[in-house]
Structures are given as C-alpha cells and as structure tokens.
Amino acid sequence: MSALAAELAPGWLGSPWAQLAQDRPQPHAGARPGAPTYLRVGTARPVPGVEFPALVPLFGVGHLSVGADAREPAVAALVQGLITRALCVLPAGALRVLAVDGASLGRPFAPFSPLVPAGLMSEPVTDSDGFHNVLNEAEEQVRRFQARTELEPDVLLVAIAGLPPGTGRGDVARLAALAHAGPAARVHLLVAGYPPPSASARDDVPRLELTTHLTLDERPGADGVPQFRVGDPPREVFGASGRGLNSPVAAEAPPPPDLVGELCRRLAAQVESDAALTFDDVVPAELWTESSVSGLSTVVGRLGRGDAVLSLDDATPHWLVGGRTGSGKTVFLLDVLYGLAARYSPDELALYLLDFKEGVSFTEFVPTEVDPTWVPHARTVGVESDREYGLAVLAELVREMNRRAAAMKQAGVTNLAQLREARREAAPIPRILTVIDEFHVLFQGNDKVGERAAALLEEIARKGRSYGVHLILASQSIQGIDALIGRSSSVFGQFGRRIALGGGGGVLESVNSAADDLPIGTAIVNDAGGVKNANRRVRFPDADVHTLSLLRHRLWSMRTPGEKPPAVFVGYAEQRLEQDPTYLRLESSPRRRRALLGRAVEVGLPTAGFEVGVNPGSHLAVLGTSPVGADVLRAVALSLAAQHEPGSAVFLLAALVSSADSVVDDVEAQLEAGGHFHEVLDIKGYRDAVQRLAAGDEPSDPVYLFAFGADAASSLLAQRYPDSRREGVDDLRAVLRDGPGRHVHVFGWWRGVRRLLEDVGSSKAEIGNVLSVNVRGDDLSSLVGSFDLKYSPRQNRAMYFDRDEDRRQLVVPFVTAGRFDDTLD
Ligand SMILES: Nc1ncnc2c1ncn2[C@@H]1O[C@H](COP(=O)(O)OP(=O)(O)OP(=O)(O)O)[C@@H](O)[C@H]1O
C-alpha cells in the first residue's frame, strides 16, 4: 500500500512533513492543473503496527468535506496540510485559495498570509457577506468556463475552515451547486464543518456531490492522535461495503510554520517575477474584434498568474478609482482606455475624456503639432478643463441618454441590445465611456456648478447602465471623495466597483487599509463597494509613450476616412480668431451678421458671439482693466469686416488709451488691406463722431463705432458742447437708444463699471451684450442686475451676458498672441 501511495502521491503530495522539512520547498513539482491529483489526508492504521498513507482525490476530481470545523486542531491541521501540499505541487500561481473561516477567525490561514498580496489567496472572510463574495467569485469562474470565455482557468480552491454564522439554506444550496458544476471549471471545495451545525440550515442539507467526506472520531487513537473516518471518494470505492475506508486514519500534525512561510514567500516572489508585465500584454494581437452589446471588457494587467479582466457592464456599470498623486493613476487609466480602444471599434465604443488637473493625462488621445494622429474613439477631450466644461459634458451625456430612451420607445424595445438590433442599418449606437480624472474638482466651491454637476452625475450613474453610458471617476483626494460619499451616497451607491491605487483607500471602506502601502503598478479591485473582504490585487503595466504612440497610429490608420478629430478643450490654450472655424467660414454678405467674441466653454467649443442687427440693444460693452478688452474689440471688428463687401460699412476706431494702440494699428491695417472704409479717431474725434451719429439721418451703410478705452473719454463726454446745452453723454445715450434701428452700433471697452455707468446713465439697458474680462460678479450687478453673479475673474476666460435672452456664458476670449497672462491684469 505504501509503495502504491508513493507512486500515486509522490513527494509533496504524500510524504510526511518530517521527511519533507529537509527539502527546501520547490514550487512547480508534480501535478498538472486539471489532471486528477491525490493528496495525503493522514495515516491509515488498520491494525496496530501497520500503517500506510491515506490518500483522497481532490483537484481534477472533486471536493473534500470534514464533519468538524477548524476549531478542532486536527481539522485545522488537515486544512493547512492540504493547502500546503497543493501549493507545492501545482505550478507557481496556478492555484488560488479563497479562504473562509466562520469558526476561528482565519487562524488556520495565518501562515499563508504572504500569498495574499500576490493575489494567490484572498484575505480570509469570516462573515456571511464575505462568504457571499467568495461564492460569487467561484460561481463567476464556473460561468466563464461554461460560457467558454475561459477554458483553462487557474485552479480555485474554496477553503472553508468553518461556515460563517448566519449561513442559510440558500448559501448551502449554492455550495451544493458549486460541488456539482465546479470541478469541470477547476473550482474545488475544501469544507470543514459540513453539514453546518445551525438548525435552520441542517434541515435537508444537500449532499455535496463529488465529495470525499471525512468525520473526526470522538475519541483519539490509543496513542492520543485524533483519528478520521474517510468515506468513499467520488466515483470510486475503497471497499465492497461502500462504507469508506475500513480503517481509522490518524490525523497529521500541521505543516511546520517556517516551511509554510518560506513556501508562500517563494511562491509570491516567483509569481510576481514570472508575470513581468508590459503594455503589450494588455493589448490584443488583433484590433477591433469585440462587440460591446453586453458590455465592455478589457485586460488591465494580471491577477496572480492570470489576466486581470475588468468589465463595464450591467453588473459593474461604473468605477470609482482612487490613488494619491504619483500612484500611477494616469497610467492605469491609459491601460484601461487603450485596452478598450484596441478591442472595440469606434462603432462599439465612444470615449468622453475629462481631466481637471494640470497635467497630461489625456493628451495621448488628441492631435498635437508634433503628432497629428488621434484615438478615433475619442469624441471630446478636455485637458485642464473648467468645471463649466465638465458640466457641459455631463449635460451632453444626459441628452444622449434621453435620445436613446426616446429611440427605444420609438422602436418598441426595452434595452440597448434590442435597440442595436433594431437599428442595425442606421448609425451605430456605441457604448459611451466617460472618464473624469480629478472629478472632485467639479464639486469644489459648493456652488451652483457643483450642485448641478452632482445632480447630473447622479442621473447618469443611475440610468447609465440601461443606455450604455458608463463612468469612471478618478480622484487623488480622499477628502474630496469622502465629502462626496457623505453628501451624495446615492451617487456612489451606483459605483459598486472601487479601484484603489497606492494611498487611494478613500474609495474603500474606512476599515479597509489594503491600499495604504501598495507599490506602484498595483491596485486593489473591490467589487463590493470597498468592503474589507472583497479585495483583489491586480498588477498593471507601465504605459510607455513609444508603445502608446505606435498603437495610436495603428488605431488612427483604421479610422473611417474623413472622420473628424475629437472636440478638444484645452483649458490653458489661447483662442485665436484667425483659427476659428466659424470665422473662417464667414461670408461677405450673410443674411444676418454676428460679432464673434471667443469660444464658449462647452462641448465642441462653439464660437461665442451675438447678432448685430436692427434689434434694440445691439451693442457691446467689454469690461475690465485687462488689455484683453482691446483684443475682443479687435475680434468683433475683424469678424464684422469679414461679413461685409469692401466699402459696405464704416468702421470708426477710437484709440483712446495707449495700451490699445498696437491693437488699433493692427485692426486698421487689416481693414485697409480688406478695402473697408475706416477712420481712426482720437478723443475729440470720438466725441465728434458720437455727436454726428446722434444727429445724423439714417446712414445708408452700417456704422460700427469702436471705443478702445471708452472710459478715457468720460470726462470729455460729460462736458457741454461749446455752442449747445447738450453734453456728449446725451448723444452717446441717444446713439445707444436709436442706433441699431439705423445700423449704428457701439462696441466699447470700458476699464471699469462705474465709468461706463456715468457714460450711459439710464441707457445702460440699451447695451444688450456685456462681456466681463476681469470684473468680479459683485461689481457687475449694477449693470446686469438679476444674474447669479458668483463669478470671479480667471485667467484666459471672460463671462458673457446676453441680456435679451437672460443668459450667461463662460468664454475663452479671442486674443492676440501671448496675452494669456494678461487676462487678470
Ligand atoms: N505599472 C507601472 N510600473 C512601473 N512604473 C509605473 C507603473 N505605473 C506608473 N508608473 C510610473 O509611476 C509614475 C507616476 O505615474 P502616473 O503619472 O500615472 O501617476 P499619477 O497617479 O497619475 O500621478 P499624478 O496624479 O501626479 O499625475 C510614472 O513615472 C509612471 O511611469
């Protein structure tokens, strides 16, 4: 019998510990995953003085259960012994242990703890929530196997040292189902304390199929060593009686802790070095082969020895990612995004990318001067975005969900898959993934923008899964996330999947410290809202610029010809009139004329401006000390000039302050070159022009009066004319009132609100358009009244007020080169 046992279970499978302790544990020896494997459970002693190893089959065959739980030392030793033998004989990393211990708080698993960070064993769970997660994970492996998405999985050993309190019938039924279906998918059970002692579960406790059952004798053998009875193994019998092995089996001592410790450390080290990861590992050889009908899935790196596959689907529609700065968050997001972009074509996946921090996160997706390629899935990319831009993107997503909802109703279908089927011939309906890096910035300030952002995010988080709209929110700021989780837990309730990189424990439960000292390149993935027992540790590769760029070129070359690049918003970029698509398309005699001011901070950066026509109020006041004020008047002048045949309008340029001189010269030169009527006025000329325009009959052609530094003429306008009782301001007010009807328009840059009010008095209501470059919201209230004016000036931004439509809009003003820093002057 001993000779047979040595053949069936050589070395670490069957030798006693005393013999093995001489060897250094050598992982990798012996068994093949999937093949039948026999393991020693103790020493059979049929009659005094006769003994041989007692072996039972486990991997490749079935399961093992023991009547008593691991509070019995012999049972604890058995659990430890079997795990140790299994770890030693299967290839390094080919075995993962899911540890459950409702009996002794995980003590039998303690010597194996070095396996946990390497992903080879889960942190032991002790309660029924944790147990459910374990069952979920084991069932998931069976499902993947049955769906043929994973044919050669790693061996999964569900090691239960005792069922947790509260284990109910449903749980036991799930265990029984796993016993039935597990072995084919390499899921094996080692269950101590089965059947469970609790009365409720004991009623018709199902038998575990394919299981060798051991019972612990009440009394030890004559030498005091506890003894087991071993039932018949699956599909085999020990003897004709069918009552199991006809011999008591003396329990083994536990494996020596040093041996176990060393084995586990070696395994962990070997697994991590075997699995050196590069970016190429997360990219499939063939691009764009997947369908996103039921969700998005990509390899982000490794989990133990296997691929770490993460999905955005009905079960985990949105992810919350945390990590301190420098923890590799950007790299992780690049792995995910490029991994997805490589698997799904732009018909299957569209990307909306938003970044609120100073940095380069998403520049890899957009064309630059050096590299004109882009990732064809990217629809909008915001780099160093404004919160208002973020809001606009969220609003756009909600609109898209509404469009999809309407389309579903119209097509009479109830889900995205059916809609895609029904609309096969029409434009594709890709899943939309929105990634917001440093999303907490959206909520800073506790103002209207933050409130609205929270409401929109909540709506997307709640309804997104039904319409194929997914969110990945990333943040480095634990406080930010904390505050939010506190404030709007309903939002984060939708984010069951938490991913924590180093220092990103804010996305996990507060008692879950797994992310506190994670090395770079690793992350905790937790699909149970961050609870302690659901941690999985994955490793992700570094994304080097060269490899990324090769992949981007490949993806770009596969795009549909003529496809537009993504709408890019770069927060710090200056905007030039000369590069504005709307400006470039202006016609010389349009039906309506528009004055262009800048680009609105909205999706697609639409050109901001207003109509210049006979409607009352068709004037503009630009406010603030910044010389950007002059630039904006320049943009208005040149955009209007582009909408006139030469000689069909008169441009009056009042150069009233020296800081605007160079801009006035430039405008003059361009009007000259374009053959437009124009005149440059000094301060007196300005007053005369105002007087003339107020008195004049209807001029045949439009007259545009530009006042560069209008406040400089305030005192002069306040004086009476030498030969009349009227003052200049009376005429200015008359022009504001009656001008538009006669095609006379005033575009003035006042450096302060007070001067403007002195100039225009009650005619302030006649100025329909106001652009504040660097005047605070409070100071504007006397001019624009009812608006919510919590606005403080920002570099490279201006706030436009359209008083007719009672609307305000944040814009990036058109400036001349190099003005960036001047906005706040
Ligand atoms: N898997 C990895 N293996 C090796 N190095 C990595 C890995 N992931 C990231 N790094 C390196 O770590 C550094 C920081 O990464 P990354 O820029 O992604 O951090 P971050 O969390 O986005 O930081 P920040 O928020 O400050 O931008 C980079 O130099 C990157 O190359």
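This is a predicted model, so every value here is computed, not measured. (Residues numbered from 1 in each chain as written. Predicted model: local features only at pLDDT ≥ 70, side-chain atom pairs only at ≥ 80, totals over all residues.)

Helices and strands together make up the secondary structure of the protein chain, namely 22 helices and 30 strands. Relative to its length of 825 residues, the protein chain is extended, with a C-alpha radius of gyration of 37 Å against a globular reference of 28 Å. Its C-alpha atoms give the protein chain principal-axis dimensions of roughly 135 × 55 × 45 Å. In the protein chain, which comprises 825 residues, the share counted as buried stands at 52%. (Helix = DSSP H or I, 4+ residues; strand = E, 2+ residues; numbered from the N terminus. Rg over C-alpha atoms; globule rule 2.2 N^0.38 Å. Buried ≥ 20, exposed ≤ 12 C-beta atoms within 10 Å, placed from the backbone.)

Their axes nearest at 11 Å, the elements helix H4 (residues 128-146) and helix H5 (residues 169-181) cross at an angle of 25°. It follows that H4 is roughly parallel to H5 by the angle criterion. At the point where H4 passes H5, the crossing takes the left-handed sense. Residue-level inspection shows Ser128, Phe131, Leu135, Ala138, Glu139 and Val142 of H4 in contact with H5, the latter providing Asp171, Arg174, Leu178 and Ala181. For the contact of H4 with H5, the residue count by class is six nonpolar, one polar and three charged. (Axes fitted to C-alpha atoms, helices over the stretch in contact; angles between N-to-C directions. Parallel < 35°, antiparallel > 145°, perpendicular 65-115°, else oblique. Left-handed = near helix turned anticlockwise from the far one by under 90°. Contact = placed C-beta atoms within 7 Å. Nonpolar A, V, L, I, M, F, W, Y, C, P; charged D, E, K, R; others polar.)

In this section: the sheet that holds strand S1 (residues 38-44). With respect to topology, nine strands assemble into an open sheet ordered S2-S1-S9-S8-S7-S3-S6-S5-S4, the strand pairing being mixed. Pairing within the sheet leaves two strands with one partner each, and these edge strands are strand S2 (52-57) and strand S4 (95-100). This sheet shows a mean twist of 30° between the axes of neighbouring strands, independent of strand direction. Note that S4 and strand S5 (residues 155-160) share six bridges and pair parallel. Each residue of the ladder has a partner; that of Leu95, found in S5, is Val155. Taken strand by strand, H4 contacts S4, S5 and strand S6 (187-192), and its axis lies near 150° from that of S4. In the packing of H5 onto the sheet, contacts are made with strand S3 (63-66), S6 and strand S7 (211-216), and the angle to S6 comes to roughly 135°. (Pairing = 2+ DSSP bridges.)

Accessible area lost when the parts come together is the quantity often used to give the size of an interface. Each assigned domain of the protein chain is listed with its residue range as follows: domain 1 (2-274), domain 2 (328-558) and domain 3 (577-822). Computed from C-alpha atoms alone, the centre-to-centre distance between domain 2 and domain 3 is 41 Å. The partner domain 3 presents six residues to the nine residues of domain 2 that form the contact. The leading source of residues in the side of domain 2 that touches domain 3 is helix H9 (residues 387-411), at five residues. Among the residues forming the side of domain 2 that touches domain 3, the class breakdown is three nonpolar, one polar and five charged. (Domains from an automatic or database assignment.)

Right, let's get into the packing of helix H16 (residues 628-641) against helix H17 (residues 661-674). Relative to each other, H16 and H17 sit at 5°, their axes nearing to 10 Å. When the axis of H16 is compared with that of H17, the two are roughly parallel. Here Ala630, Asp631, Arg634, Ala637, Leu638 and Ala641 of H16 come into contact with H17, specifically with Val663, Asp666, Val667, Gln670, Leu671 and Gly674. When the residues that make up the contact of H16 with H17 are grouped by side-chain class, the tally is seven nonpolar, two polar and three charged.

Turning to the UniProt feature "binding site: ATP" (unreviewed entry) in the protein chain, a few remarks are in order. Under the UniProt annotation, "binding site: ATP" (unreviewed entry) lies at Gly323, Arg324, Thr325, Gly326, Ser327, Gly328, Lys329 and Thr330. Position of Thr325 relative to the elements: it lies in the loop between strand S12 (319-322) and helix H8 (329-343). Here Thr325 falls in the partly exposed class, since 13 other C-beta atoms lie within 10 Å of it. Structurally, Gly326 is set in the loop between S12 and H8. By C-beta crowding, Gly326 is classed as exposed, having 12 other C-beta atoms within 10 Å. (UniProt positions renumbered as here; feature names shortened; annotations may be inferred.)

One finds Leu597, Val636, Leu652, Phe706 and Phe708 to be the most contacted residues of the largest nonpolar core, which totals 172 residues. Counting residues domain by domain, this core receives three or more from each of domain 2 (328-558) and domain 3 (577-822). Contact partners of Phe708, with chain neighbours within four places excluded, come to Ala630, Leu633, Ala654, Ala655, Leu656, Val657, Ala660, Val663, Val664 and Trp749. Ala54, Leu157, Ile160 and Val187 belong to the second largest nonpolar core, which has 85 residues in total. (Core = buried A, V, L, I, M, F, W, Y, C linked by C-beta atoms within 7 Å.)

The end-to-end C-alpha separation of helix H11 (residues 448-467) is 27 Å, in line with the 28 Å expected for 20 residues at 1.5 Å each. Gly468, located one to two residues past H11, shows a positive phi value of around 70°. (Expected span 1.5 Å × (residues − 1).)

Let's shift gears to the pairing of strand S10 (residues 295-303). Counting buried positions along S10 gives seven out of nine residues, so the element sits mostly inside the fold. Here S10 pairs with strand S11 (residues 306-313) via eight bridges, running antiparallel. Note on S11: the bridge partner recorded for Gly295 is Asp313. With two bridges connecting them, S10 and strand S19 (residues 535-539) associate as antiparallel partners. Residue Leu303 lies in a different strand from S19, and its bridge partner there is Val538.

Take the sheet that holds strand S30 (residues 807-813) next. Spatially, S22-S21-S30-S29-S28-S23-S27-S26-S24-S25 is the arrangement adopted by the ten strands of the open sheet, whose pairing is mixed. The sheet is open, and its two edges are formed by strand S22 (607-612) and strand S25 (677-681), each paired on a single side. Ignoring which end each strand starts from, the neighbouring axes of this sheet average 25° apart. With four bridges connecting them, strand S23 (residues 620-623) and strand S28 (residues 769-772) associate as parallel partners. Within S28, the position partnered with Leu623 by the bridge is Ser772. Across the sheet, H17 touches strand S24 (650-655), S25 and strand S26 (703-708), and the angle it forms with S24 is around 160°.

Moving on to unusual backbone geometry. The omega torsion of the bond from Tyr194 to Pro195 falls at 0°, within 30 degrees of zero and hence cis. By the element assignment, Pro195 lies in the loop between S6 and helix H6 (199-202). Unusually for a residue other than glycine, Leu105 sits at a positive phi of about 55°. Among the secondary structure elements, Leu105 is positioned in the loop between S4 and H4. Although it is not a glycine, Arg235 adopts a positive phi angle of roughly 60°. Positionally, Arg235 belongs in the loop between strand S8 (227-230) and strand S9 (249-251).

Attention now moves to helix H3 (residues 73-89). In this model H3 runs 24 Å from its N-terminal to its C-terminal C-alpha over 17 residues, within 8% of the 24 Å that 1.5 Å per residue would give. By the criterion of burial, H3 is predominantly enclosed, with 16 of the 17 residues buried.

Mapped onto the secondary structure, Val636 falls in helix H16. The class for Val636 is buried, based on 28 C-beta atoms found within 10 Å.

All right, on to the confidence of the model for the protein chain then. Looking at the protein chain, pLDDT values average 89 and 94% of them are 70 or higher. Of the two predicted TM-score estimates for the complex, the pTM is 0.71 and the ipTM is 0.95. (pLDDT = per-residue confidence, 0-100.)

A word on the pairing of S25. Across five bridges, the pairing between S24 and S25 is parallel. When the sheet's bridge partners are listed, Leu652 is paired in S25 with Glu679. Crossover S24 to S25 through H17 is right-handed. (Right-handed = clockwise from strand over helix to strand, strands pointing away.)

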